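Reading the structure
Below are the chains, spelled out letter by letter.
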Amino acid sequence: MRYSRGTRVILAFLVFMIFAAYSYLQIAGYEELRAPAQAADTAAPAEAAEAPAQEEIPVASDPQAETPAVQPEQGVITAPAQEAQPTEEPVPTVDPNSPYGKALANAAAKGLPQPPDVDVTSWEFTLVNGDHSIGQYEPEQLAYLHQTLDETDIQTSYNGNRCPVDLRIAEALIAMGRGCKDAGLPIFLSSGYRSYGDQAANFTRVCQNNGITDGKDGAGHYITMPAGCSEHQLALCCDITDRYYEIKSADIVKSDTVEWLLAHCAEYGFVQRFPAGKEDVTGVMNETWHFRYVGLEAARYMTDNNLVLEEFLSLYGVE
Ligand SMILES: [Zn+2]
């Protein structure tokens, strides 16, 4: 086949253009491919650089306490500070001159655990003893409870056959008594509320029966309180025994009922008010039967730490 010179020139031009186009596409394609490749090249080290950084971060944050490189002291300080917070945290938030502030400091000074944040001016913490008279105080509302708790209704009008207590402790007292009975132990409630007049008569009678005038036994501990100084006038307490006793004296041995009450009274907000070994603090002879309501938190703390009400309140500055 023979082509004219012009045709050959055109063919040659076309071939050149095809070659040129091919070359261009190849180069462009290469560049396109190379671009991401380069990006990958740069990204790779970036990731590589990040990777260790990311690994270091968890390593550094995980064992913050052990990586003292950056925040060693902060970590060390915050950790123990958080652990110590239960005893030290209140310092900045609690007024040290407030009752609770005093309780925190006094408890710490005595090696006692952190006391509960209770309002010691509330009714359940009213202190009555030989040094603290409540005068002619009368409870606002009495509740009359069945003495053996065979009936658990709460009567609020006078009933001479029942044990009167402050209405505010009635449910807790019934719950504790029922708990004791559910454990198979008998219970007898007596001497709840006693009026100022009743206490005056009681004081006179007990003194006469014992040949004394001040209500105290040979060791100087009260066996009967002067009127105005008895917790029974406060009505936040109750004498609880396994059965009826005409006279409750130190001769009453600990019954299973009292043992159960000692083990469980705090669960109901009660404490044994005049325990053995605390006579010099309470000023009252050991009365295994006398239980006083102080609320759940205080009862638990007092029981766990072997504190009577005088000792507990003194932590809060109540003397
Ligand atoms: Zn009593």
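Residues numbered from 1 in each chain as written. Predicted model: local features only at pLDDT ≥ 70, side-chain atom pairs only at ≥ 80, totals over all residues.

1. Description of the overall build of the protein
- For the protein, the helix and strand inventory stands at 11 helices and 6 strands.
- The buried share of the protein, reckoned over its 319 residues, is 28%.
- Sequence separation of 24 or more characterises 64% of the internal contacts of the protein that already satisfy a separation of 6 or more. (Helix = DSSP H or I, 4+ residues; strand = E, 2+ residues; numbered from the N terminus. Buried ≥ 20, exposed ≤ 12 C-beta atoms within 10 Å, placed from the backbone. Contact = placed C-beta atoms within 7 Å.)

2. Overview of the confidence of the model for the protein
- Here the protein averages 82 in pLDDT, and 71% of its residues register 70 or above.
- Low pLDDT, under 50, characterises residues 27-82; the predicted model gives this stretch 10 contacts beyond four residues in sequence or across chains. (pLDDT = per-residue confidence, 0-100.)

3. Digging into the environment of Asp119
- Tracing the backbone shows Asp119 in the loop between α4 (99-109) and β1 (142-145).
- Between the alpha carbons of Asp119 and Tyr100 there is a distance of 8.1 Å; along the sequence they are 19 residues apart.

4. Some words on the pairing of β1
- Alternating positions in β1 separate into two faces, Leu142 and Tyr144 on one and Ala143 and Leu145 on the other, with burial throughout.
- Both β1 and strand β2 (residues 163-166) contribute to a ladder of 4 bridges, which runs antiparallel. Looking across to β2, one finds that Leu145 is bridged to Cys163. (Pairing = 2+ DSSP bridges.)

5. Structural notes on the environment of Leu185
- The residue Leu185 is located in the loop between α5 (167-182) and β3 (188-190) in this model.
- Along the sequence, Leu185 and Asp256 sit 71 residues apart, while their C-alpha atoms lie 7.1 Å from each other.

6. Describing helix α8 (residues 256-264)
- Those residues of α8 not exposed but buried are Thr257, Val258 and Leu261. For α8, the buried positions fall inside an angular range of 95 degrees around the axis, keeping them on one side.
- Elements that come into contact with the buried residues of α8 comprise α5, β4 (237-241) and β6 (287-293). (Arc of directions from axis to C-beta.)

7. Thoughts on the sheet that holds β4
- In spatial order, the strands read β3-β4-β6-β5; together these 4 strands make up an open sheet with antiparallel pairing. Looking at the sheet topology across the chains shown, the edges are occupied by β3 and β5 (270-274). Adjacent strand axes in the sheet meet at a mean angle of 40 degrees, parallel and antiparallel pairs treated alike.
- With 3 bridges joining them, β4 and β6 adopt antiparallel strand pairing. Note that in β6 the partner of Cys237 across the bridge is Arg292.
- The strands touched by α8 within the sheet are β4, β5 and β6, with β6 carrying the most contacts at an inclination of about 35 degrees. (Axes fitted to C-alpha atoms, helices over the stretch in contact; angles between N-to-C directions.)

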